[in-house]
Amino acid sequence: MLATSETTIFAPVGLMTTIAHFGTFDVENYGDLLFTNIVNSRLSESECIPVSPIGGPPVWKDSAQSVGLCDLIGRHTEGVVIGGGNIIHPNKTPLTSYVRGGVDLYGYADLWIGAALAAPEGTPVMWNAPGVPKPIPTEFIGLVRKALLRSTYLSVRDEESRRLLLDIQPDLEISVVPDSAWNLPSLWSKESLDSEFETLTKGDAGPFFTIHVNDRYAKDIEYPKLASILDKMAKKLNMRPILIGIGPCHNDDRLAGLIASMMTSSPILVDRPLSTRQVCAAISRSNLYVGSSMHGYITAAAFGVPAFIVAKNLLKFKGVVSLTDAPETLVRSWKNLENTVYKSDFPKLSQTFMKKQVAASEILDAHWTKIFSVLKNSRGSGPWSAEAVLRYRSQFLEAACRAEARSVRELKEIANRRRLKLQRSKKTIESSPEMGKSRQSSGDNPDPKKTNRPSPGIDQPQRSSCGKPALKKLFSRASKLLGSQR
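Q: Sorry, what's going on with helix α11 (residues 315-324) here?
A: For an α-helix, the turn length of 3.6 residues means that residues three or four places apart are oriented alike. All of the buried residues along α11 are F317, G319, V320, V321 and T324. For α11, the elements touching its buried residues are α10 (294-302), β11 (307-310), β12 (330-331) and α13 (346-376).

If you want it as structure tokens, here you go:
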């Protein structure tokens, strides 16, 4: 439902409280950047300190400046809020900015394991419905269990995330709460979104459909073909396309520009959004959304706009279409999009989405009431300490080294299996009657010494690039990190 004015959800806690809010707020990605606005709105009488893997100045016009975990040292906070976002994993990340910043190894772990284990004793740790993308590797389970047990209130955004955590600690109390972006209609006023959209479309009356393309989910189609499909949809639906780069950190901006340049239906291009409100306006004021962003889909659904996700069945996508009771809106390929969209009943889908938004808002109200109650009863604690951060980081790096060693062993086993398979294939070929006839007809009389000589890549396993050099590099990084924290 559309709000008619800016809303404040709760009354003051009392004295101003300070909250460390953890998430990936230092990268250009619409979904991640939404959460600082949402938390600030819901806990408006608290000072929220955004904490991210690197930290830095605001990424977009309406986002917030963030700090790194170590920047909290010496500061007092009355609470910790984790998420949302797809951040509950301990894995290394390939994101360019995190690799360049040297936090690719532990950046995501800082956001929830570090947030819980390095927080001062007595500081409540609360989860704002983040997601768990995959099972936690064995080597990290002990550390993850400590972080889960240290947390005061646990909530995740889908049942599968809950199941993955209960596999680690079965007696945990974990709430399943819709992603907090379902409350977007109460974050900005109707008038502010209308004005933003009018500026974006330069007064064009529309109608429009908003498109987001990510190369991870468009690998099975050539871009000219994709552009042609979007042009045909524009003509069939009588809607002008808006191509939007929802996640420039994933190179969505470049792909949006490339696809737009191949289209003939005069698309509006928003390759580098200026703000989260601009993206929200583009999607919520359109007549249709198609794309590979979960938060693009949620934004559309929350405002009753028919929406379709183009992606494989990843946990986060399956979870959100399960919440909407609209599994047909998850399309595996852009090649299948047209037929799915044309067969859909837009008014019925819009009505379904609006009902789900009302239900989601009720659950989210209870969720924020719980967080508010915990904060209200927080008595504060000591400052964040370098010792606690160092302790957590050293434990994490030990687990990471064990995980790397296991990966090396697994790669060696794979190499050995391939070597044996190739050996068997070679022997089968050499012993076949056809090979014998071929040798006789050609007068082939191979030298036994040469025949028995190992063939490179078949009889001799190749050295893995993930072996000792990689472990040395990992230990070197751990030593530097530990040295710098002393």
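Q: How should the nonpolar core be read in this particular structure?
A: The tendency in soluble globular proteins is for nonpolar side chains to be buried side by side. Counting residues in each nonpolar core, the largest one holds 88 residues, and the members touching the most others are V290 and W334. Considering each element in turn, this core owes the most residues, nine residues, to α13. Among the nonpolar cores identified, the runner-up in size contains 52 residues, and V67, Y108, A119 and V144 belong to it.

Q: Got a minute to help me understand helix α8 (residues 252-262) in this structure?
A: Within the span of α8, buried status applies to D252, D253, L255, A256, I259 and A260. Axial view of α8: buried residues confined to an arc of 165°, hence all on one face. Of the residues in α8, the exposed ones pointing more than 90 degrees away from the buried face are R254 and S261. Each element contacted by the buried residues of α8 is listed here: β7 (208-212), α7 (223-237), β8 (240-244) and β9 (268-270).

Q: Where do I start with the pattern of salt bridges in this structure?
A: Two side chains carrying opposite charge are able to pair once their charged atoms lie near each other. Following the criterion strictly, the structure yields 15 salt bridges and no others. For the salt bridge of R157 with D179, the shortest nitrogen-to-oxygen distance reads 3.6 Å. Taken together, the residues R157 in the loop between β5 (154-156) and α5 (159-166) and D179 in the loop between β6 (174-176) and α6 (190-201) connect sequence positions 22 residues apart. One salt bridge connects D253 with R272, and the closest N-O pair in it is separated by 3.4 Å.

Q: How should I be thinking about the sheet that holds β7 in this particular structure?
A: What links the strands of a sheet is backbone hydrogen bonding, and the strands pair in either a parallel or an antiparallel sense. Ordered in space as β9-β8-β7-β10-β11-β12, the six strands form an open sheet in which the pairing is parallel. Single-partner strands in this sheet number two, and they are β9 and β12. Bridging between β8 and β9 involves three bridges; their strand directions are parallel. Opposite L243, over in β9, you have L269 as the bridge partner.

Q: Help me out: how do you make sense of the sheet that holds strand β2 (residues 46-51) in this one?
A: Taken in spatial order, the four strands of this open sheet run β2-β1-β3-β4, and their pairing is parallel. Unpaired on one side and paired on the other, β2 and β4 (125-127) mark the two borders of the sheet. Put simply, the sheet's adjacent strands are angled 25° from each other on average, direction ignored. In this structure, strand β1 (residues 17-22) lies alongside β2, joined through six bridges in parallel fashion. Bridge pairing in β2 links A20 to I49. Helix α3 (residues 107-117) contacts β1, β2, β3 (79-82) and β4 of the sheet and is inclined by roughly 155° relative to β3.

Q: When you look at the side chain of R285 in this model, what are you seeing that I'm missing?
A: With respect to the helices, strands and loops of the structure, R285 is situated in the loop between α9 (276-284) and β10 (289-291). Polar side-chain contacts of R285 include one of 3.2 Å to the side chain of S284.

Q: Quick question: what am I supposed to make of the packing of aromatic side chains here?
A: Both the distance between ring centres and the angle between the ring planes are used here to describe each pair of aromatic rings. All told, the structure shown has eight aromatic pairs when counted by the stated rule. When the ring of F197 is compared with that of F208, the centres are 5.4 Å apart and the planes differ by 90°; the resulting orientation is edge-to-face. Of the two residues, F197 sits in helix α6 while F208 sits in strand β7, which places them eleven residues apart along the sequence. Assigned by exposure class, F197 and F208 land together as buried.

Q: Is there a simple way to think about the pairing of β7 in this case?
A: Regular strands have side chains that alternate between both faces of the sheet. The buried fraction of β7 is high, at five of five residues. The alternating pattern of β7 places F208, T210 and H212 and F209 and I211 on opposite faces, both of which are buried. Here β7 pairs with β8 via four bridges, running parallel. Each bridged residue has a counterpart across the sheet, and for F209 the counterpart in β8 is P241. Each parallel crossover has a hand, and for β7 linked through α7 to β8 it is right-handed. As judged from the three bridges shared by β7 and β10, these two strands associate in the parallel manner. When the sheet's bridge partners are listed, H212 is paired in β10 with G291.

Rules behind the numbers
Residues numbered from 1 in each chain as written. Predicted model: local features only at pLDDT ≥ 70, side-chain atom pairs only at ≥ 80, totals over all residues. Heavy atoms only, no water. Buried < 20%, exposed > 50% of the residue type's maximum accessible area, 1.4 Å probe, protein only. Helix = DSSP H or I, 4+ residues; strand = E, 2+ residues; numbered from the N terminus. Contact = heavy atoms within 4.5 Å. Core = buried A, V, L, I, M, F, W, Y, C linked by side-chain atoms within 4.5 Å. Arc of directions from axis to C-beta. Salt bridge = Lys/Arg side-chain N within 4 Å of Asp/Glu carboxyl O. Pairing = 2+ DSSP bridges. Axes fitted to C-alpha atoms, helices over the stretch in contact; angles between N-to-C directions. Polar contact = N/O pair within 3.5 Å; in protein donor to acceptor, adjacent residues only side chain to side chain. Phe/Tyr/Trp six-rings, centres within 6.5 Å; stacked < 30°, edge-to-face > 60°. Right-handed = clockwise from strand over helix to strand, strands pointing away.

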